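Spelled out, the chains give:
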Amino acid sequence: YFNPNLDDRFTMTTEEAMRELSKNYRITNSMCDKLYQADIFRDLRMKKGILYEDAQVQHYCLHRAQKITYTAQPLYYYYLSPGSIIRGEFSVRHYDCITASQERIAFFEKHYPGAVAAAKARHLELCMQMVYQGKDNPQWEKLRKSLISHVRSRVETATVREMGRNNIIKRMLLCISEPLFLWVM
């Protein structure tokens, strides 16, 4: 949300923008809060039939951009639909964000190695969110177990540094005990 006392407006490098995108902080996955030059989408399209399709193309857009400028100042209003992906009922299709995150990590490993640790930290955070959100549905048990196994696997020190204290604690809880993790969440 916009705070006139904290509005920072600046231009950043593509590498800096990729790190911000990985953190989902200033530069987010959402396409609706950005202005793009038309030629960025020349041969780039969102995949049909998936959720979080903007997360699967946002890094390509930033990669193609010649200049990336950020402002926290609201320049238009956006309607929040009660039936939207984010506010609607959780379904197995929400796991599409995990696939998008994995694809982004592979892209960063190739083009932006300085943003890989932040992307991996965000990926682990998404995995933990999906473990929690799918907790009450036995239909997703296999997916949940796969995510838990992934979160419990070895993590590089650089990724841990990017995770932040709360996510480090959540990961440790999940490594110790899934019921404890779910209770704390």
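Computed from a predicted structure; not experimentally measured.

Rules used in this analysis
Residues numbered from 1 in each chain as written. Predicted model: local features only at pLDDT ≥ 70, side-chain atom pairs only at ≥ 80, totals over all residues. Heavy atoms only, no water. Helix = DSSP H or I, 4+ residues; strand = E, 2+ residues; numbered from the N terminus. Expected span 1.5 Å × (residues − 1). Buried < 20%, exposed > 50% of the residue type's maximum accessible area, 1.4 Å probe, protein only. Contact = heavy atoms within 4.5 Å. Salt bridge = Lys/Arg side-chain N within 4 Å of Asp/Glu carboxyl O. Disulfide = S-S within 2.5 Å. Phe/Tyr/Trp six-rings, centres within 6.5 Å; stacked < 30°, edge-to-face > 60°. Lys NZ or Arg CZ within 6 Å of the ring centre and 35° of its normal.

Trainee: Provide a residue-level description of helix H2 (residues 53–64), including the pertinent values.
Mentor: Taking 1.5 Å of rise per residue, the twelve residues of H2 would be expected to cover 16 Å, and the 18 Å separating its terminal C-alpha atoms lies within 8% of that figure. Among the residues making up H2, those that are buried are Asp54, Ala55, Gln56, Val57, Gln58, His59, Cys61 and Leu62. Contacts from the buried residues of H2 go to helix H1 (14–23), strand E2 (68–71) and helix H3 (96–111).

Trainee: Tell me about the pattern of salt bridges, and please be specific about residues and values.
Mentor: Side chains that carry opposite charge are capable of pairing whenever their charged atoms lie near each other. Tallied over the full model, the rule gives 13 salt bridges. Between Lys135 and Asp136 there is a salt bridge, with its nearest N and O atoms 3.4 Å apart. Judged by its relative accessible area of 30%, Lys135 is partly exposed. Take Asp136: its relative accessible area is 65%, and that puts it in the exposed class. Of the charged contacts in the structure, one is a salt bridge between Glu178 and Lys145, with a shortest N-O distance of 3.4 Å. Of the two residues, Glu178 sits in helix H8 (residues 178–184) while Lys145 sits in helix H5 (residues 141–152), which places them 33 residues apart along the sequence. Since its relative accessible area comes to 13%, Glu178 is described here as buried. Put simply, Glu141, Arg144, Lys145 and Glu178 are held in one network by salt bridges that share partners.

Trainee: Kindly report on the state of the cysteines, identifying the contributing residues and their values.
Mentor: Taken as a whole and judged by the stated rule, the model has zero disulfides. The closest cysteine sulfur to the non-disulfide-bonded Cys127 is located on Cys97, 8.0 Å from its own sulfur.

Trainee: Break down the packing of aromatic side chains for me, citing the residues and quoting the values.
Mentor: As enumerated under the stated definition, the model contains six aromatic pairs in all. Their ring planes at 80 degrees and their centres at 5.2 Å tell us that Tyr36 and Phe41 sit as a pair that is edge-to-face. Consider the rings of Tyr60 and Phe107, whose centres lie 4.9 Å apart with planes at 70 degrees: the pair is edge-to-face. Here Phe107 lies in helix H3 and Tyr60 lies in helix H2, a separation of 47 residues in the sequence. By way of ring pairs, the aromatic residues Tyr60, Phe107, Phe108 and Tyr112 are connected into one cluster. Sitting over the face of the ring of Tyr132, Lys135 holds its NZ or CZ atom 4.2 Å from the ring centroid.

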